[in-house]
Amino acid sequence: MTFENILTEKENGIALITINRPAKLNALNKQTIAELHDAFKALDADADVKAIIVTGSGEKAFVAGADIAEFAHFDVKEGEHLAAQGQAMLFDFVQNLGTPVIAAVNGFALGGGLELAMACHFRVASDNAKMGLPEVSLGVIPGYGGTQRLPQLVGKGRAMEMIITAGMVSADDAKAWGLVNHVVPQAELLDFAKGIAAKIIKNSPIAIALAIKSVNAGFEDGVNGYITEIRSFGEAFGTEDFKEGTTAFMEKRKAAFPGK
Ligand code: COA
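The following refers to the structure shown. For every chain, the first residue of the written sequence is number 1, and numbering continues from 1 along that sequence. Whole-chain, interface and lining totals are the exception, using all residues; otherwise, since this is a predicted model, local features are given only for residues with pLDDT of at least 70 and side-chain atom pairs are given and counted only at 80 or more. Side-chain numbers come from the whole structure's heavy atoms, not from hydrogens or water.

**With respect to the packing of helix H5 (residues 146-154) against helix H6 (residues 156-165)**
Here is step 1 of the chain: Every axis corresponds to a line fitted to the C-alpha atoms, with the helix fit spanning only the stretch in contact, and the corresponding angles, defined between N-to-C directions, vary from 0 to 180 degrees. Helical segments are the DSSP runs of H or I of at least four residues, strand segments are the runs of E of at least two, and each set is numbered from the N terminus. The interhelical angle for the contact between H5 and H6, taken along N-to-C directions, is 135°, at an axis separation of 7 Å. Comparing the axis directions of H5 and H6 gives the class oblique. For the pair H5 and H6, the crossing hand works out as right-handed. Counting all contacts with H5, which are made through Gly146, Thr147, Leu150, Pro151 and Val154, the residues of H6 involved are Lys156, Arg158, Ala159, Met162 and Ile163. Orientation is classified from the angle alone, with under 35 degrees giving roughly parallel, over 145 giving roughly antiparallel, 65 to 115 giving roughly perpendicular, and any other angle giving oblique. With the far helix as reference, a near helix turned anticlockwise by less than a right angle produces a left-handed crossing, and one turned clockwise produces a right-handed crossing. Here, residues are in contact when the closest pair of their heavy atoms is within 4.5 Å.

In structure tokens:
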């Protein structure tokens with residue numbers, strides 16, 4: 001895969017996507033969103049890839065938001081289309097991937113940057129990271145799922161404060177609020193994320209995908225998460241991974257999951 005605005009690599013079952021527009025603090029323009037969609041889709045379909053980490057290039061930013069220069073002249077229809085298309089192509093797409101995605105937030109995660117991190121399955125941050133949804137300071141609101149995912153992660157009151165002050169929170173506050181799971185020195189961030197990914201990839205990829213689907217179901221309108229869980233639980237019993245996992249346990253050996 002060759003891209004202009006992102007870099008991808010894979011090693012030992014773990015893929016790394018680096019958003020690579022450091023001169024623009026990795027801001028998400030249309031092309032970068034399309035490239036991210038293609039990369040996530042291809043890596044999710046790659047049986048060798050069992051976990052994906054997404055980060056930003058450089059030491060300053062994860063992603064400083066949607067590319068303001070690109071939408072500054074948009075009208076009402078174009079604005080609505082921008083949000084709908086972005087949500088479908090990237091933010092909802094990442095949230096619903098069966099392959100687990102970890103955001104390694106290595107600096108500013110603002111606007112669409114924080115929204116991307118929140119669409120990932122969980123987040124780790126460097127100690128210099130700063131997170132916020134500054135859209136109302138530009139006369140607009142978060143449009144890539146921020147008004148929905150931020151309250152889910154930090155609670156309604158904190159989300160309201162962050163969104164309507166347009167302020168930023170430190171990595172430590174983000175951790176205390178449940179927005180990120182871990183905070184580590186910047187130089188250790190990627191190894192730390194890879195360490196968590198290494199634990200994930202020992203488990204059944206099929207069971208992981210079913211677990212992600214079931215957790216997400218509880219946050220979808222009109223979907224009963226408990227029923228999704230029951231069906232996914234049953235589905236797991238029909239997989240080779242289940243046979244291997246239970247057999248390995250009884251034979252007192254480590255499971256070698258076929259991912260089927
Ligand atoms: N869209 C487009 N370009 C962006 C951008 C964005 N969201 N964020 C940063 N950039 C660009 C800047 O325009 C600048 O480009 P230039 O050198 O060609 O002028 C470059 O990235 C570096 O940013 P700069 O503002 O000079 O860095 P800074 O250290 O002074 O400030 C920030 C860093 C993150 C505080 C500041 O860039 C910022 O507020 N960015 C916008 C954040 C935002 O509102 N995001 C939500 C968008 S909906």
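**A few points about the side chain of glutamate 35**
Here is step 1 of the chain: Along the chain, glutamate 35 turns up in helix H1 (residues 30-45).
Here is step 2 of the chain: Throughout this description, buried means an accessible area under 20% of the type-specific maximum (1.4 Å probe, protein chains only), exposed means over 50%, and partly exposed covers the range between. His residues and chain termini do not enter the charge count, which takes Lys and Arg as positive and Asp and Glu as negative. The salt bridge criterion pairs a side-chain nitrogen of Lys or Arg with a carboxyl oxygen of Asp or Glu, the two atoms within 4 Å. There is no salt bridge for the buried glutamate 35, and the closest opposite charge comes from arginine 21, which lies 8.6 Å off by N-O distance.
Here is step 3 of the chain: Setting aside chain neighbours within four positions, we find glutamate 35 in contact with Phe3, Glu4, Asn5 and Ile6.

**Focus on the site of the ligand**
Here is step 1 of the chain: Being near a molecule or strand, for a residue, means having at least one of its heavy atoms within 4 Å of it. Close contacts around the ligand come from 16 residues, with Lys24, Lys60, Ala64, Ala66 and Ile68 the closest.
Here is step 2 of the chain: Residues adjacent in sequence count toward polar contacts only when both atoms are side-chain atoms; beyond that, a polar contact is any pair of N or O atoms within 3.5 Å, and within protein one must be able to donate a hydrogen and the other to accept it. The contact in question runs from an oxygen atom of the ligand to an N or O atom on the side chain of lysine 60, over 2.5 Å.
Here is step 3 of the chain: Here a nitrogen atom of the ligand sits 3.0 Å away from a polar atom, N or O, in the main chain of alanine 64.
Here is step 4 of the chain: Computed with a 1.4 Å probe, the accessible areas rest on the Shrake-Rupley method; for each residue, only the protein chains presented here act as cover. Coverage of the ligand by the protein amounts to 59% of the 870 Å² it exposes when considered alone.
Here is step 5 of the chain: Every element with two or more residues in the shell around the ligand is listed here: helix H2 (68-71) and strand E6 (108-110).
Here is step 6 of the chain: Here the shell around the ligand is composed, by residue class, of 11 nonpolar, one polar and four charged. Think of it as three bins: nonpolar holds Ala, Val, Leu, Ile, Met, Phe, Trp, Tyr, Cys and Pro, charged holds Asp, Glu, Lys and Arg, and polar takes everything else, Gly as well.

**Digging into the pattern of salt bridges**
Here is step 1 of the chain: Evaluation of the coordinates by the stated rule reveals five salt bridges.
Here is step 2 of the chain: When the shortest N-O distance is used, the salt bridge between lysine 10 and aspartate 46 registers 2.4 Å. Here the residue lysine 10 occupies a position in strand E1 (residues 6-11), and aspartate 46 occupies one in the loop between H1 and strand E3 (51-56), the gap between them amounting to 36 residues.
Here is step 3 of the chain: By relative accessible area, which is 48% here, lysine 10 ends up partly exposed.
Here is step 4 of the chain: Between aspartate 92 and arginine 149 there is a salt bridge; the shortest N-O distance is 2.8 Å.

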